[in-house]
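# Structural description and commentary
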Amino acid sequence: MKKENVIKKVYGYFLPEAWRIHKGYFAVRMGKMLTVSIRPFLSIYFIPAIIAELMGEGNPERLIGLATALVLLEFVLGIIDGTLSNVIERYGQKFENHFNMILSRRIMELDFQMTEDKKALDQLELAKNGMSWYSGGMNGLMEPFFNFLSNLITLLGVVVLLVVNAPMVLVIAAVIVAIATLMNDRLNRIEQEGYRNLAKINRIFGYLGWSLVDFRYGKDIRLYESKDMMVEKWQHFTDEWNRENIQIANKQLPYQLLREGSQIVHDVAIYFYLGALAILGKMTIAICIRMVNAASTFTGSLKNMVICYQEMVKKSNYANEYVKFMDYPPAMPKGKLPVKEGKHVFEFKDLSFSYPGSEVKVLQHVNLTIREGEHLSVVGLNGAGKTTLVKLMCRLYDPTEGEIRMDGINIKEYDYQEYMKVFAPVFQDFKLFAFRIKENLLLKDSEDMNPETEEALARETLRKIGMAEKVDSFKNGMDTVLFKQFDQEGIEPSGGEQQKLAIARALIKDAPVVILDEPTAALDPIAEYEIYKHFEELVKGKTAIYISHRLSSCQFCDRIAVFSEGNVKEYGTHGELVNKPDGIYAKMFAAQAQYYVS
Ligand code: ADP
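Residues numbered from 1 in each chain as written. Predicted model: local features only at pLDDT ≥ 70, side-chain atom pairs only at ≥ 80, totals over all residues. Heavy atoms only, no water.

We now examine the packing of helix 3 (residues 60–109) against helix 9 (residues 285–326). Between helix 3 and helix 9, whose axes approach to 10 Å, the crossing angle comes to 35 degrees. Relative to helix 9, the crossing made by helix 3 is left-handed. Along its contact with helix 3, which presents F99, I102, L103, R106 and I107, the element helix 9 presents Y322, F325 and M326. Residues that form the contact of helix 3 with helix 9 fall into these classes: seven nonpolar, no polar and one charged. (Axes fitted to C-alpha atoms, helices over the stretch in contact; angles between N-to-C directions. Helix = DSSP H or I, 4+ residues; strand = E, 2+ residues; numbered from the N terminus. Left-handed = near helix turned anticlockwise from the far one by under 90°. Contact = heavy atoms within 4.5 Å. Nonpolar A, V, L, I, M, F, W, Y, C, P; charged D, E, K, R; others polar.)

Moving on, we get to the domain arrangement of the protein. Segmentation of the protein into domains returns domain 1 (3–326), domain 2 (346–431 + 510–597) and domain 3 (433–492). Spacing between the C-alpha centres of domain 1 and domain 3 amounts to 49 Å. (Domains from an automatic or database assignment.)

Let us look at helix 4 (residues 118–134). Those residues of helix 4 that fall on the buried side of the exposure criterion are A120, D122, Q123, L124, E125, L126, A127, N129, G130, M131 and Y134. N-capping of helix 4 is provided by D117, with a side-chain oxygen placed 2.9 Å from the backbone N of K119. Where helix 4 terminates, the next one or two residues include G136, which has phi positive at roughly 80 degrees. (Buried < 20%, exposed > 50% of the residue type's maximum accessible area, 1.4 Å probe, protein only. Polar contact = N/O pair within 3.5 Å; in protein donor to acceptor, adjacent residues only side chain to side chain.)

Further remarks concern the pattern of salt bridges. Here the structure, examined in full by the defined rule, presents 32 salt bridges. Put simply, E74 and R39 hold a salt bridge, and the shortest N to O gap is 3.4 Å. Note that E74 is positioned in helix 3 and R39 in helix 2 (residues 24–55), a separation of 35 residues in sequence. Given a relative accessible area of 28%, E74 falls into the partly exposed group. Overall, R39 belongs to the partly exposed group, its relative accessible area being 29%. Across the pair D479 and R436 runs a salt bridge, and its minimum N-O distance is 2.8 Å. (Salt bridge = Lys/Arg side-chain N within 4 Å of Asp/Glu carboxyl O.)

Every residue lining the ligand is accounted for by E116, Y355, V362, L381, N382, G383, A384, G385, K386, T387, T388 and Y397. G383 places a polar main-chain atom, nitrogen or oxygen, 2.8 Å from an oxygen atom of the ligand. Here K386 contributes a backbone N or O atom positioned 2.9 Å from an oxygen atom of the ligand. Coverage of the ligand by the protein amounts to 64% of the 560 Å² it exposes when considered alone. Its residues assigned to classes, the shell around the ligand shows five nonpolar, five polar and two charged. (Near = heavy atom within 4 Å. Areas by Shrake-Rupley, 256 points an atom, 1.4 Å probe, with all protein chains shown as cover.)

This part covers the environment of K303. Topologically, K303 is positioned in helix 9. Classification of K303 by relative accessible area gives buried; the value is 17%. Remark: the alpha-carbon pair of K303 and I176, spanning 127 residues in sequence, is separated by 8.8 Å. Non-local contacts of K303, meaning those with residues more than four positions away in its chain, are made with V177, A180 and Q263.

Our focus in this paragraph is the packing of aromatic side chains. Tallying each qualifying case throughout the model produces 25 aromatic pairs. Seen in terms of ring centroids, Y13 and Y322 are 6.3 Å apart; in terms of plane orientation they differ by 65 degrees. Their pairing is edge-to-face. You can see Y13 sitting in helix 1 (residues 3–21) and its partner Y322 sitting in helix 9, a full 309 residues away along the chain. Taken together, Y13, F14, W19, Y25, F26, Y91, F95, F99 and Y322 form an aromatic cluster joined through their ring pairs. (Phe/Tyr/Trp six-rings, centres within 6.5 Å; stacked < 30°, edge-to-face > 60°.)

Bringing the sheet that holds strand 1 (residues 346–353) into the picture now. Read from one edge of the open sheet, four strands run 2-1-4-5, paired in antiparallel fashion. Where the open sheet ends on each side, the last strands, each with one partner, are strand 2 (363–370) and strand 5 (409–410). Helix 10 (residues 386–393) rests against strand 1, strand 2 and strand 4 (401–406) of the sheet, and its axis sits at about 120 degrees to strand 1. (Pairing = 2+ DSSP bridges.)

Okay, the packing of helix 13 (residues 451–464) against helix 15 (residues 495–509) next. Contact geometry for helix 13 and helix 15: axes closest at 10 Å, N-to-C directions at 130 degrees. One finds that helix 13 runs oblique with respect to helix 15. The crossing of helix 13 and helix 15 is right-handed. Mapping the contact onto sequence places L457, A458, T461 and L462 in helix 13 and L501, A504, L507 and I508 in helix 15. Its residues assigned to classes, the contact of helix 13 with helix 15 shows seven nonpolar, one polar and no charged. (Parallel < 35°, antiparallel > 145°, perpendicular 65-115°, else oblique.)

This is the structure in structure tokens:
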């Protein structure tokens, strides 16, 4: 992509949004731009005027007047500049929060399968860093833009002075600026190349940093003595990170030396040229001093403009990673069809599936129908593909071959958000949030909750799943915060309690299809019995899919699908399957019944 396009794309993305949320920011920036562009003219005008006065009449009143004016103006401009910079900093923080919030929302809206897509994860890392410290965020992008304009105003002013008195200065300055530009260009390129290589290392650092400090990993880290491994890995990647940075610095060194050298040549040439003009009597000493000043201001402004432009390109390239992530193509096509209210029929038609990036067929030619309001039990050994089946049904992934139909229509045709509303799943690896219990159940900020309807519903559901007494025993009841990340008084629920809360959350969603993936695995036998006892009531009138190893649960279900090696090997009611000669289900049931008897 061409550089100009990146600048246009990035500024075209961020400027309108910044203008939309904080118009005042631009007024402050304009004020600062004017202050900065006027400042150099103070010394260009006053210093030679003071010297001329000293060398001429030396009138003390005029001298004091000039010096006081210079000092006062510098002071006032300095104060204005400082104040505006401070306001700009504060705006910077607001912008950072705003763009982080938009990024988080985008991450949560991404197609689920991207959470396993290495390219998407790298792009996310680039986006996060690209719009924070690498580009400096909104202020980082705006700084070179407005500095460019300030320098342009200054430059136009001094060009007028130089054209009249010492035009050669313009040529000398142009040559030196051209050299410096080339060098900066190289330096920026080297830095950006290095940045790409560092993205992966930064992601690993992030992971290690998170695991090392997150106390939920603490048990495994301690009991498996994995601390040393973590620290060794940390050291390994620190070394790699250092190596990469040293390489960048080594590549940059010669260009940095050339750039500094060219500045020295510039100064010598300007002094030589202007000195010669003064000695030859072509200008007065005062004018000569003014021109020296104007020349350095000219070169400085021109160089600054080029640097600002290069900064804009460089920062746009970093910030572009953010824009790219926001525009990341969806992994799955989305339809527009509305989902009708009520119960649904699901049909799996010759469905096969491999996980992205894997050749292994986890499901092979599955054909299965789940009728309206049916309670289906899905059983089978670990790795048989049961969870994958429900993940496909929830459209977390799309089938590799075949299709899933809801009410006779391919589920890809439905509006995605509406389709998501059909399911209330409790996955094995469900997650509760470090928020209040009631917020976890209702998925709503507690400030916006209605105590009479919503909180009452949450309490009633807790009662149904046998968790009400436990929650009431906490000092803050349903306002108790889970986990200790943010609250010293937060509680650490047991695995079984967490699972009950997740089940409650699913039931409160009141979706027509409830999916429970080994919902009782972490429950004690009494709690499991409670859930079973209430199961019918809990999912009454809904379609329910129930994945479980404990076959006693199958007796609550209308039908049973036995999965093995990615396919439905047996299908029928408990009564039909339990006595089937040589049947998988019959064998599994007999084996488990033995344990129950003993
Ligand atoms: P079950 O629920 O019957 O225990 P799963 O559906 O979880 O089985 O897994 C079926 C197979 O798919 C397993 O071999 C598992 O390793 C594999 N698998 C599960 N999740 C992923 C994934 N995200 N990427 C690649 N393979 C996966």
